[in-house]
Amino acid sequence: TKAHSDRVLELIRKGVAEGATIATGGRIPASPATGWYLEPTLLTNVRSDMTVAQEEFFGPVVVLIAHDGEDDAVRTSGRRPAQVPSTSEGSSVPW
């Protein structure tokens, strides 16, 4: 719905106002011309105390919160509300 699309866009705007960076996406695509679509969006430079880290989007938005090792990752994930999904990845994962 338009209301939901507006909510997701407002969360992205609020994240940027709080210091996050849009690495990609964050806009309404030109095509298709009808419907409530949003480009897949990656927000970086996010801290766990930012609104975008605390709210659940229900949209194509990924919030990247950097951490400094396993202990910091556990502390960081523990600062988020239980209903907000999260995952942790490390640079040593062989992809």
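Small disclaimer: the values here were computed from a predicted structure and weren't measured.

Quick word on the sheet that holds strand β3 (residues 61–63)
The strand order across the open sheet built from 3 strands is β1-β2-β3, with neighbouring strands paired in mixed fashion. A single partner strand is all that each edge strand has here, and the edge strands are β1 (21–24) and β3. When the angles between neighbouring strand axes are averaged without regard to direction, this sheet yields 30°. Pairing of β1 with strand β2 (residues 41–44) involves 3 bridges; the strand directions are antiparallel. Paired with Thr24 across the bridge in β2 is Leu42.

Examining the pattern of salt bridges
Here the structure, examined in full by the defined rule, presents 5 salt bridges. Across the pair Glu55 and Arg7 runs a salt bridge, and its minimum N-O distance is 3.2 Å. Of this pair, Glu55 sits in the loop between α2 (51–54) and β3 while Arg7 sits in helix α1 (residues 2–17), and the two are 48 residues apart along the sequence. In this structure Glu55 comes out as partly exposed when scored by relative accessible area, which is 35%.

Observations regarding the environment of Gly26
Mapping Gly26 onto the fold places it in the loop between β1 and β2. Note: C-alpha distance between Gly26 and Leu43 (17 residues apart in sequence) is 8.7 Å.

Each value, and the rule that gives it
- Residues numbered from 1 in each chain as written.
- Predicted model: local features only at pLDDT ≥ 70, side-chain atom pairs only at ≥ 80, totals over all residues.
- Heavy atoms only, no water.
- Pairing = 2+ DSSP bridges.
- Helix = DSSP H or I, 4+ residues; strand = E, 2+ residues; numbered from the N terminus.
- Axes fitted to C-alpha atoms, helices over the stretch in contact; angles between N-to-C directions.
- Salt bridge = Lys/Arg side-chain N within 4 Å of Asp/Glu carboxyl O.
- Buried < 20%, exposed > 50% of the residue type's maximum accessible area, 1.4 Å probe, protein only.

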